[in-house]
Amino acid sequence: MADLGNILLFFLFPVSVFTALTALAAGITKRRGLLEAARRGAYAAFAVTTLAVLALEYLLVTSDFSIEYVASNTNFALPLFYKIVALWAGHNGSLLLWTWIVTIFIAIVAYQHRHKNNDLMPYVLFVMGSTMVFFSILSVFISNPFQTLYQEVGNTLQEFTARDGHGLNPLLQHPAMVIHPPVLFIGYVGSVVPFAFAIAALITGKLGTEWIHTTRRWALTTWGFLAVGIILGGKWAYVELGWGGYWAWDPVENASLLPWLTSTAYLHSVMIQERKGMLKIWNMALVIATYLLAIFGTFLTRSGIVSSVHAFANSGLGPAFAIFLSMGIIFSVTLLLYRRKDLKPDEEMESLVSRESGFLFNNLLFLLATIAVLWGTMFPVISELFTGDQITVGPPWFNNIMIPIGLALLLLTGAGPLLAWRHTSVETLKRSFGWPILGSIIFIMALYAFGIHDGWALGSFAISFFVMWTILVEFVKGANIRRKNSGENFLLAMYMLSRKNTRRYGGYLIHAAMVVMFVGFTGNAFNSETRAEVGEGDSFNLGPYTFNAIQITEAQTENYSSQTLELEMFRNDRLISTISPEKRYYFASEQPSTEVDIYSTLREDIYAVLSGMSNDGTKVIVQVYRNPLVNMVWIGAFIMGIGTLFAMLPNLRENKAGDK
Amino acid sequence: MSFLAYTTGIAFLIWIILPLFKKDSTWVSLYMEADELADKKKRVYGNIADLEFDFAMGRLSEKDFKHIRQAFLSEAGRVIEKLESQKSSAFMDRIENDISNLGKKRKTKKKNKNRSKVFCIECGTENLPEAKFCMKCGKEMS
């Protein structure tokens, strides 16, 4: 089976080269036969990679420990479920997953456009095919997952089969493991589609809005997957890593945030191009940047250039990625410069107080955020270049910069939609902003009276209140106008209204989700924690809570041994719940892992971690965090997913009376 | 096992390469200026819809609304006028192109002595490929 996998993977390289080259030739000669061949090449690449993935799955499931990848990421005792998802647990396998997703997307795009966009398609297939060539080189020649195990016997190397595998990293043995990496990868890889169309538009000179319309849904889908992937990663870190938080500005987290920031900027600025024919170069640049940052993120994770909790150790891919990235940058920037004359704006800005200037500010802030995150992430590398030492900037640095930017963006979320396109007069400004601002002021005065005195938190809550108000007004007012004209009842009117412009109202729903998430983020300002060494019968306090250690139990399974602390949790002398943090020791990988226990309510999470034994070995060390409003982050993320799906629905077209 | 893989691979390769040996045609790029104008038209219409929505939601004064709307309407008028004149010249190009292609097709078809069948869209009667009108009902053949 390993041979078969190898042969299949080996086919991928020539097939990818063939696809890219015939596509390029089709673009130049405009011959249908060449384009059809390129299309078939794309289908074949997909088929070959799919079979290779199945072959690797077969090896994983049957625990063939003559294969290095299988032996270092699974063991006999590992549950079947985790054997299957071990496909993306290690570097080589996850690279194959990356490659697979690229081939899936190229096949979908080739199929979707088999009868249309003949002018753009050759170059689209060329760009996607080139990406495929690059990843096939990595998968086949540098990080082949079908590599067999070798051992030295005298002076020769001999294949051998390990008696048992090394096992899956305990941190990865969590249900989120199933979903987080593929979702994030789809988000990363998806950016290649808008990129390919943008490059095709640049090459052919068909720079109208056609490429934008064609890739709208792709851009949005990719964006949604990235967002959901990032948040799932945060959720996973929260419940699995056991340090009490969900985001630490770790280089790999930042790497996923970067393309998300640029693609969010793009989703907004593209509306200016659609309405005013402005920012054409800028939109191209954002699409290109999103793709390159996605590749850069993969590079960052796999090159070992920055250290991170979940970066793959130095995998020797650095130079290959560096070459591919530089080629991508040079190629796209040259094309962009070559076409700059054709990308002149059709109109000028008319007023500083208008919807379009709101979008401009939004883009400026997203650009700032991208640069800040990029700078902070790369700072260890930059500082090493100049001073010889790796200086890491920590979460406080990021928070100091990103909190103001984030709040400013949130404010724009509320203010932007209140502005009219082109020009908004002072009179209407007063009318639209007056009540929401007054409401927010009263709201934070009430919060202050209730005992919240943190300046940033008050600011954040005030802005959240303001934005929520404006979004509600959008829905209610819009529905009321429709109800008057159509005679429908209020709810139906609201439904019809939003179904007729899914992008607008899906967007508002996503804005509302962002507000909910920001409320959750703001909860961090009130986090508190305590650390206690307890034996059975001991107790300790955190805020209004008292914890009694009931018992410490030990257990053993085939896969790991564990120690569990049972804590009774009281608030004002009333028993609320029992929580049992656990510490595990996995035999195969010889690694410990903490299983946190969380008592979760809408108001706050009580998060308990069993850190280990005390020095004298008689007590256990337990760490308890009180994290207010964390659930808002997950609820917000859920609403965001719904909003994204809604925005992707086609607009409902109504037949006017008299039409057939 | 590997024999199976090799055969499948080779079959695949043949399937992929096959279109390269087909006697094939080229496609003609669509008229770009017309695309651009169609874009513009779509944009002006979108702008008018947005403007009316913004006004209904109370985001701009009646004076601004009337003023901007008038500007959009005259812009739409200009674009449509241009589009119409472009369209007719684009049609002329297309017709020229079709006629020259028709000649080619006729030649190759005569060579092959293998005529494809053409049916009237109105009554479904089979006609000669080069027929301009249906021989039964007289409907123009497309």
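Small disclaimer: the values here were computed from a predicted structure and weren't measured. (Residues numbered from 1 in each chain as written. Chains lettered and ligands numbered in written order. Predicted model: local features only at pLDDT ≥ 70, side-chain atom pairs only at ≥ 80, totals over all residues. Heavy atoms only, no water.)

1. Brief notes about the interface of chain A and chain B
Next up, step 1: Tallying the contact residues gives 58 residues for chain A and 39 residues for chain B.
Next up, step 2: Approximately 4000 Å² of surface area, both sides summed, lies buried where chain A meets chain B, with 59% of it carried by carbon and sulfur atoms.
Next up, step 3: Of all residues in chain A, the largest losses of buried area upon contact with chain B belong to K30, R40 and R275 of chain A, amounting jointly to 15% of the total for that side.
Next up, step 4: Summed over the shared surface of chain A and chain B, the number is 12 residue pairs in polar contact (both at pLDDT 80 or more).
Next up, step 5: Every element with two or more residues in the side of chain A that touches chain B is listed here: α1 (2-29), α2 (32-61), α9 (210-240), α10 (251-276), α15 (426-449), α16 (455-486) and α18 (502-522) of chain A. (Contact = heavy atoms within 4.5 Å. Buried area = accessible area lost by both parts, 1.4 Å probe. Polar contact = N/O pair within 3.5 Å; in protein donor to acceptor, adjacent residues only side chain to side chain. Helix = DSSP H or I, 4+ residues; strand = E, 2+ residues; numbered from the N terminus.)

2. Looking at α2 of chain A
Residues and elements named next belong to chain A.
Next up, step 1: The terminal C-alpha atoms of α2, which comprises 30 residues, lie 43 Å apart, in line with the 44 Å expected from a rise of 1.5 Å per residue.
Next up, step 2: Most of α2 is tucked away, with 21 of its 30 residues classed as buried.
Next up, step 3: Immediately beyond the C-terminal end of α2, within one or two residues, lies S63, with a positive phi of roughly 50°. (Expected span 1.5 Å × (residues − 1). Buried < 20%, exposed > 50% of the residue type's maximum accessible area, 1.4 Å probe, protein only.)

3. Some thoughts on the pairing of strand β2 (residues 156-159) of chain A
Residue and element names in this part refer to chain A.
Next up, step 1: Sheet topology note: the strand β1 (residues 150-153)/β2 ladder contains four bridges and is antiparallel. Within β2, the residue paired with Y150 across the bridge is E159.
Next up, step 2: Connecting β1 to the antiparallel partner β2 that follows it, the hairpin turn spans two residues, and G154 within it adopts a positive phi of roughly 65°. (Pairing = 2+ DSSP bridges.)

4. Side note on unusual backbone geometry
Residue and element names in this part refer to chain A.
Next up, step 1: Of note in this structure, W249 is not a glycine but carries a positive phi near 55°.
Next up, step 2: Relative to the elements of secondary structure, W249 occurs in the loop between α9 and α10.
Next up, step 3: Exposure remark for W249: the relative accessible area of 13% places this residue in the buried category.
Next up, step 4: In this structure, D573 is a non-glycine residue whose phi angle is positive, near 65°.
Next up, step 5: With respect to the helices and strands, the residue D573 is situated in the loop between β6 (560-571) and β7 (574-579).

5. Re α16 of chain A
Next up, step 1: Taking 1.5 Å of rise per residue, 32 residues should cover 46 Å, and α16 of chain A covers 46 Å from first to last C-alpha, within 8% of that figure.
Next up, step 2: Positioned one or two residues after α16 of chain A, G487 of chain A has a phi angle of 80°, which is positive.

6. So, the sheet that holds strand β11 (residues 604-613) of chain A
All names here are of chain A.
Next up, step 1: One open sheet holds the four strands; their spatial order is β3-β12-β11-β10, and the pairing between them is antiparallel. Each of the sheet's edge strands pairs with one partner strand only, and the pair in question is β3 (528-534) and β10 (597-600). Strand-to-strand twist of the sheet, defined as the mean angle between neighbouring strand axes without regard to direction, takes the value 15°.
Next up, step 2: Where β10 meets β11, four bridges bridge the pair, whose relative direction is antiparallel. Bridge pairing in β11 places I598 opposite Y607. (Axes fitted to C-alpha atoms, helices over the stretch in contact; angles between N-to-C directions.)

7. Details of the pattern of salt bridges
Next up, step 1: This model, assessed by the stated rule, comprises 21 salt bridges over all chains.
Next up, step 2: A salt bridge links E474 of chain A to R59 of chain B; the nearest nitrogen and oxygen atoms lie 2.3 Å apart. Here E474 of chain A is found in helix α16, whereas its partner R59 of chain B is found in the loop between α2 (32-56) and α3 (62-112) on a different chain.
Next up, step 3: Residue classification places R59 of chain B among the buried positions, given a relative accessible area of 2%.
Next up, step 4: Several salt bridges share partner residues, and in doing so they unite K30, D119, K206 and E210 of chain A into one network. (Salt bridge = Lys/Arg side-chain N within 4 Å of Asp/Glu carboxyl O.)

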